[in-house]
Amino acid sequence: MDTAPDPPMWTVADAPRRLPVLGHSVPLRRAPLEFLSSLSERGDLVRLRLGGKDIHLACHHELVDRILKDPRTFDWGGPFYEKTQLLMGNSLGNCPYRDHRRQRRLVQPSFRLDRIASYAPVMRRELDAELRSWRPGGVVEVNDALHAVTARVGAKVLLSTDIAGEAIDRILHCLPVVMEGMYQRVVTPWGWLYRLPTPGNRRFEAARVRLREVVDDIIRRYRASGVDHGDLMSGLLQSRDERTGDALTDTEVHDMVMNFLTAATETTATALCWALYLLAEHPDREARLHDETDRLVGDRPLDHDDLPALDYTHRVITEVLRLYPPGWMVTRVVTEETELAGQRLPVGSLVMYSTYALHRNPRLFAEPERFDPDRWLPERARQVPRGAMIPFGAGSWKCIGDTFAMMETVLSLATIAARWRLRLVPGTRVRPEPRALVAMGRLPMVTEPRQPGSR
Ligand code: HEM
């Protein structure tokens, strides 16, 4: 496997297919995943041109690591993120380093392991309700179904029904409209387009305003009740900075709620969809998963304590997160003049990396396109260079929900696999779609029950 070259050995190259004026916008729009993945052959650091500016793409995992571990020099930012502030304000995953550290200290206690473990029954209830609606031989649009489940789990872990009540339904109604609108504004950032009074713009604006009102109202109700409801919202409101005694302001709580709802829904649902798709395409690996769930799960409800035993399920999810990590393009902005791979980067330069490309680099992973859960057996996993596998990011902005996400995806996949075998509807074409994350389109699957108690 790869070892780090000494600094003078770094290779720096210009990306191919640059056009006058347009720079690299054409290949980046047409086939971004393929284009970015192809660039690691060119060099450790590759220069692209976009919007009249140079952007440096770090292809070597040690350069990516350097960027992520030096948040003062390589700060949060870039056009990709700035639009998301429309929805999430200056929240945890959406703010520069100077604000981030304080917020992270305040939010971290809400993600303590004991709190996360207590959310397993919520996950179980929501998934059970969905699985009970499946019929033998029926067709389920799995992508929609799992997005709805993870959105309900996210909302109910965040907010207790006893206090938030039907506000949760209103949130779940507005959220997809707002998320789709946000995505459009990120990928086609033409401000004027969104000021036109089109039905789509009106729907987005109405949902955004409604969501803001509903969340603000819930915060007021929580503050007035002054009780710990054992949910994430209570954790956020009670949190105090040990150093300063500071609490999160209402605006910060609001933005964090939006951040949480968006970060917790699509990522986990998409990982589950990729897992179910890959298993349907690889019956031998599916059979091994079924062996594990037949032995350990059956028709029994799963809990956080079951996680350590679900070895193969865990390896499947890890391999899915290698092949389809959400962060296909992560950017940072240089805040003080620095050097990367021998290149001088002035203040304001944009650097980026693609987790998708990194995880498919043949110098880091043998047969990178192969779905091989066993590459995460401990003896093989040890050979993966440090910093090469980063589905949850690394450094200051590392995903705060990683334990939550692993619990939800592993328990959900084991529960589904114990009860149902899913087959792709013939003719379904599944391709990675680089949207806000590496998404997939529709995933209609036929449901075959695996045991009498499956419903
Ligand atoms: C498979 C599931 C998930 C994956 C792969 C994932 C991945 C990531 C990545 C790569 C980042 C860092 C982005 C950057 O460096 O700019 C991140 C940040 C974040 N994620 Fe996740 N995520 C997942 C699920 C979740 C869940 C379930 C939650 C909430 C419970 C969550 C909440 C967050 C938050 C709040 C941040 C910002 C953290 C900070 O800036 O301090 N994520 N996630």
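What comes next concerns the included structure. Quantities reported herein were computed from a predicted structural model and do not represent experimental measurements. Residue numbering note: each chain is counted from 1, following its sequence as written. It should be noted that, the model being predicted, local features are given only for residues of pLDDT at least 70 and side-chain atom pairs only at 80 or more, the latter also being counted only at that level, while totals for whole chains, interfaces and linings use all residues. Water and hydrogen atoms play no part in the side-chain values, which are based on all heavy atoms of the structure.

Description of the overall build of the chain
Right, on to step 1. Helices and strands together make up the secondary structure of the chain, namely 19 helices and 13 strands.
Right, on to step 2. Restricting the calculation to C-alpha atoms gives the radius of gyration, and the globule rule supplies 2.2 Å times the number of residues raised to the power 0.38. Computed over C-alpha atoms, the radius of gyration of the chain comes to 22 Å, within 12% of the 23 Å expected from 2.2 N^0.38 for 455 residues, which places it in the range of a compact globule.
Right, on to step 3. Here the C-alpha coordinates of the chain stretch approximately 60 × 55 × 50 Å along the principal axes.
Right, on to step 4. Burial here depends on accessible area, computed with a 1.4 Å probe over protein chains only, as a share of the maximum for the residue type. Under 20% is buried, over 50% is exposed, and the range in between is partly exposed. The buried share of the chain, taken over its 455 residues, is 54%.
Right, on to step 5. We call two residues in contact whenever any of their non-hydrogen atoms come within 4.5 Å of each other. Residue pairs in contact within the chain that sit at least 24 positions apart in sequence constitute 74% of those at least 6 positions apart.
Right, on to step 6. For the chain, the exposed surface amounts to about 20,300 Å²; the carbon and sulfur share of it is 52%.
Right, on to step 7. Positive charges come from Lys and Arg, negative ones from Asp and Glu, while His and the chain ends are left out of the count. For the purpose of locating charges, the reference atoms are NZ of Lys, CZ of Arg, CG of Asp and CD of Glu. Of note, the chain has its 63 positive side-chain charges centred 4 Å away from the centre of its 60 negative side-chain charges. Helix and strand definitions follow DSSP, with helices as H or I runs of at least four residues and strands as E runs of at least two, each counted in order from the N terminus. Each accessible area is a Shrake-Rupley result for a 1.4 Å probe, and residues are judged covered by the shown protein chains and nothing else.

Quick look at the site of the ligand
Right, on to step 1. Close contacts around the ligand come from 26 residues, with Y81, H100, R104, R332 and C399 the closest.
Right, on to step 2. N or O atoms closer than or at 3.5 Å make up a polar contact, with two conditions inside protein: a donor-capable atom paired with an acceptor-capable one, and, for residues adjacent in sequence, both atoms drawn from side chains. At 3.3 Å from an oxygen atom of the ligand is found a main-chain nitrogen or oxygen belonging to L92.
Right, on to step 3. Here an oxygen atom of the ligand sits 2.7 Å away from a polar atom, N or O, in the side chain of H100.
Right, on to step 4. Broken down by secondary-structure element, the contributors of at least two residues to the shell around the ligand are α6 (97-107), α14 (250-281), β6 (330-334) and α19 (402-419).
Right, on to step 5. Counting residues per element, the shell around the ligand draws most heavily on α14, which supplies 5 residues.
Right, on to step 6. Residue classes follow a fixed rule: Ala, Val, Leu, Ile, Met, Phe, Trp, Tyr, Cys and Pro count as nonpolar, while Asp, Glu, Lys and Arg count as charged, and any other residue, Gly among them, counts as polar. Split by residue class, the shell around the ligand holds 17 nonpolar, 6 polar and 3 charged. One heavy atom suffices: a residue is near a molecule or strand as soon as one of its heavy atoms comes within 4 Å of it.

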